[in-house]
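Structure at a glance
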Amino acid sequence: MLAKQLSIFLENKSGRLTEVAEVLGKADINLSAMSIADNSDFGILRCIVSDPDKAYKLLKEAGFTVKITDVIGMTVPNTPGSLAVILKHLSDNGVFIEYLYSFANGDGANVIIRPNDLQVCEKILQDKKVDLIAANDLYQL
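In this text the structure is predicted, and so the values were computed from the model without any measurement. (Residues numbered from 1 in each chain as written. Predicted model: local features only at pLDDT ≥ 70, side-chain atom pairs only at ≥ 80, totals over all residues. Heavy atoms only, no water.)

Turning to the packing of aromatic side chains, a few remarks are in order. Enumeration over the complete set of coordinates arrives at 1 aromatic pair. Taking 6.3 Å as the distance between ring centres and 50 degrees as the angle between the ring planes, the aromatic pair formed by Phe9 and Phe42 counts as tilted. Remark: Phe42 occurs in strand E3 (residues 42–49) and Phe9 occurs in strand E1 (residues 2–11); sequence separation between them is 33 residues. The class for Phe9 is partly exposed, based on a relative accessible area of 30%. Judged by its relative accessible area of 35%, Phe42 is partly exposed. Between the NZ or CZ atom of Arg46 and the centre of the ring of Tyr99, over which it lies, the distance is 3.7 Å. (Phe/Tyr/Trp six-rings, centres within 6.5 Å; stacked < 30°, edge-to-face > 60°. Helix = DSSP H or I, 4+ residues; strand = E, 2+ residues; numbered from the N terminus. Buried < 20%, exposed > 50% of the residue type's maximum accessible area, 1.4 Å probe, protein only. Lys NZ or Arg CZ within 6 Å of the ring centre and 35° of its normal.)

Right under this line is the structure:
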């Protein structure tokens, strides 16, 4: 259930995010989910795209610093406390979440997590019957 996520380092200047979107758009690669974390000098755009390997190659060719990391996608009920229950299962078993981003979609919320231990995290989630999102499904959201 692991999926590939792109992490793209962007200088904090006008137009850099636009350039990424243009490179991907021209190649017919869809952005399914994204998050930007920044400091005063640069930002990190983390995103799920429809074709991560092709996007990686094209962004590298366009001069961007980019890497691929594995993440886990899951669907959580879009109700108060649902995410807390799942996160408690993980923290009770020593799994640390490096970062998370999510987006609600009707009755469910799609959540992307980067845990410190992917295999242990995935096993716990499977054992607890959490609705994991297959990589191909995540790329097509």
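On we go.
This next bit is on the side chain of Thr69. You can see Thr69 is positioned in strand E4 (residues 65–77). For Thr69, a relative accessible area of 12% translates into the label buried.

What follows covers the pattern of salt bridges. With the rule as written, the count across this model stands at 7 salt bridges. The salt bridge involving Lys4 is made with Asp53; its shortest N-O contact spans 2.9 Å. Highlighted residues: Lys4 in strand E1 and Asp53 in helix H2 (residues 52–61), separated in sequence by 49 residues. Look at Lys4 and you get partly exposed, because its relative accessible area is 31%. Glu11 is the salt-bridge partner of Arg16, the closest N and O atoms lying 2.6 Å from each other. A network of salt bridges, in which partner residues are shared, links Glu11, Arg16 and Glu19. (Salt bridge = Lys/Arg side-chain N within 4 Å of Asp/Glu carboxyl O.)

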